Structure formats: structure tokens, C-alpha cells
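# Residue-level structure breakdown
Listed below are the residues making up each chain.
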Amino acid sequence: MRSVTYSMGVSLDGYIVGPDGGFDWSEPDEDVFRFWIDEIRGVDVHLMGRRLYETMLYWETADQDPSLDAPMLEWTALWKPLPKVVFSTTLSAVQGNARLLSGGLVAEIERLRAEPGDGEIAIGGATLAAEAAAAGLIDEYRTVVHPVLVGGGTPFFPRAEQRVDLELVETRTFNSRAVYLRHRVLKQPARTR
């Protein structure tokens, strides 16, 4: 069964965007950007909400920009053909290799898990991840923690009042001093009476 991963850049105090909606503090240096390129290679489908979709739209035509360097062109070549599912109740259409759903995240993840394939089902965006986490569908949390405190904004981790035990399975420190943390969700055994 394919794994469901939730992976994003995050501030040390746990936010993916600051209180002003900005995330310039998470702009990757060359080392981190190479990491994201390598990570996207293992993804079969990317699930995202409207805000992340709109942010990532740039990459649908970025290859037409003559100023793009080789790593950015490599990212674009991987991102554009990647199947994407955009969850939104406000969009009426999406571009590129994306399809639009207005709901049914749990059913979509179950459908995708039933399909053959080795690649991951990646989730981007805190709201979508919170829904998947509440349903117990996230297998791994992957964070690139940036050395900055932003003081508020959109939290990376869902704020549901439920305990989730994690196992640290990988770490890496980048040249920028950002730190990658990969945690696997420890599934709780079913309780018997």
C-alpha cells in the first residue's frame, strides 16, 4: 500500500506561513532545493488545497522563463507531469496535470492507495493535512525546519486534540542550517475488550 506523506518547510515555532501570510523565510538555498527535487522523484500524486495550488501554479509555465537555472528546470520537468489533485470549493477549473475535487479527501486517498504503484501520495497544505491526520491517514511527517521564529500564522501540525506517536527515521542538516526531520507515524494496535 502506498504511503501518505505530509511534507513542507516550517519555522522553528511550527508555522508554514507567518502571520502576514509570508513564507519568504523558507525560500530554499541550493542544498535544500536539491533535497526537494530528490523528494519529488518519489511521489506518484500530489494532493493540495487551493492556496498551495495557486502558489505552485508558477511551475506550470516556469520552463518558459529563460533565466531559470538547471535545478529549477529539473524541478519543473518533474513537477509539470506529476498528477495533482486540488481540493477546493471555490475554484471552478485547474491547469496542468491536475484535477479538481470539492471534497472527499478520505475517499480519494483510499482510492489512490488501492491503485498499483510504489510512489508516495504527497499532501501539501495544512488544512488538507489536518483532515487527513484526523482520519489517521498520514504515514509520515516530513519537515524542513528553518531557523526562524515567525510568531504565528498557519501551523504545520494539525491542532486536533489527539495523540500521535512518532518515530524519528531520518535527519539531515543543510548548509543553510535548516534541518530535515522525517517521522513515521506509529500505528496503534487495535484495542481488544
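Residues numbered from 1 in each chain as written. Predicted model: local features only at pLDDT ≥ 70, side-chain atom pairs only at ≥ 80, totals over all residues. Heavy atoms only, no water.

We now examine the overall build of the protein. Along the protein, the regular secondary structure elements total 5 helices and 10 strands. Here the C-alpha radius of gyration of the protein, 17 Å, is about what a compact globule of 193 residues would show, namely 16 Å. Considered along the principal axes of its C-alpha atoms, the protein spans approximately 65 × 35 × 30 Å. Looking at the protein as a whole, 43% of its 193 residues are labelled buried. Expressed as a percentage of contacts within the protein between residues at least 6 apart in sequence, the contacts between residues at least 24 apart total 68%. On the protein, roughly 10700 Å² of surface is accessible, and the fraction owed to carbon and sulfur atoms is 52%. Computed over 20 positive and 28 negative side-chain charges, the inter-centroid distance for the protein is 7 Å. (Helix = DSSP H or I, 4+ residues; strand = E, 2+ residues; numbered from the N terminus. Rg over C-alpha atoms; globule rule 2.2 N^0.38 Å. Buried < 20%, exposed > 50% of the residue type's maximum accessible area, 1.4 Å probe, protein only. Contact = heavy atoms within 4.5 Å. Areas by Shrake-Rupley, 256 points an atom, 1.4 Å probe, with all protein chains shown as cover. Lys, Arg positive; Asp, Glu negative; His and termini not counted. Charge placed at Lys NZ, Arg CZ, Asp CG, Glu CD.)

Here the focus is the nonpolar core. Among the nonpolar cores identified, the biggest contains 25 residues, and Tyr6, Leu47, Ile109, Ile123 and Ile138 are the most heavily contacted of them. Of all the secondary-structure elements, those providing two or more residues to this core are β1 (4-11), β3 (43-49), β4 (84-87), α4 (105-114), β6 (120-124), α5 (126-134) and β7 (140-146). When residues of this core are assigned to their parent elements, the largest contribution, 5 residues, is made by α5. What Ile109 contacts, discounting residues up to four positions off in sequence, is Val4, Leu47, Ile121, Ile123, Ala132 and Leu137. In terms of nonpolar packing, the next biggest core, distinct from the first, is built from 24 residues, Val32, Phe35, Leu68 and Tyr180 among them. (Core = buried A, V, L, I, M, F, W, Y, C linked by side-chain atoms within 4.5 Å.)

This brings us to the packing of helix α1 (residues 30-40) against helix α3 (residues 70-79). Axis separation between α1 and α3 bottoms out at 10 Å; the angle between their running directions is 25°. Taken together, the axes of α1 and α3 are roughly parallel relative to one another. Considering how the two elements wind past one another, α1 and α3 form a crossing that is left-handed. Residues Phe33, Arg34, Trp36, Ile37 and Ile40 of α1 pack against Pro71, Met72, Glu74, Trp75, Leu78 and Trp79 of α3. Across the contact of α1 with α3, the residue classes tally to 9 nonpolar, no polar and 2 charged. (Axes fitted to C-alpha atoms, helices over the stretch in contact; angles between N-to-C directions. Parallel < 35°, antiparallel > 145°, perpendicular 65-115°, else oblique. Left-handed = near helix turned anticlockwise from the far one by under 90°. Nonpolar A, V, L, I, M, F, W, Y, C, P; charged D, E, K, R; others polar.)

Below, the discussion takes up the environment of Gly14. Within the secondary structure, Gly14 is located in the loop between β1 and β2 (15-17). Gly14 sits in the buried class, given a relative accessible area of 14%. Along the backbone, Gly14 and Val148 are 134 residues apart, and their C-alpha atoms lie at a distance of 9.8 Å. Other than its neighbours up to four places away in sequence, Gly14 contacts Thr154, Pro155 and Phe156.

To continue, consider the side chain of His46. The residue His46 is located in strand β3 in this model. His46 gets classed as buried once you look at its relative accessible area, which sits at 9%. Once residues within four sequence positions are removed from consideration, His46 is found in contact with Ile40, Leu52, Trp79, Leu82, Pro83, Lys84, Val85, Ala122, Ile123 and Gly124.

Our next topic: α5. Ala126, Leu128, Ala129, Ala132 and Ala133 are the residues of α5 that are buried. On an axial view of α5, the arc spanned by its buried residues comes to 160°, and they lie on one face. The outward face of α5, more than 90 degrees from its buried face, is lined by the exposed residues Thr127 and Ala134. Positive phi shows up at Gly136, right after α5, with a value of about 70°. (Arc of directions from axis to C-beta.)

The next subject is the packing of aromatic side chains. What the rule picks out here adds up to 13 aromatic pairs. Seen from their ring centres, Trp59 and Trp75 are 6.3 Å apart, and the 70° between their planes marks the pair as edge-to-face. Pair noted here: Trp59 is in the loop between α2 (50-56) and α3 and Trp75 is in helix α3, with a separation of 16 residues, a long-range link. Chaining the aromatic ring pairs together yields one cluster made of Phe33, Tyr58, Trp59, Trp75 and Trp79. One cation-aromatic arrangement involves Lys84 over Trp79; the distance from NZ or CZ to the ring centre is 4.9 Å. (Phe/Tyr/Trp six-rings, centres within 6.5 Å; stacked < 30°, edge-to-face > 60°. Lys NZ or Arg CZ within 6 Å of the ring centre and 35° of its normal.)

Honestly, that's just the spatial picture; any functional story needs more than this.
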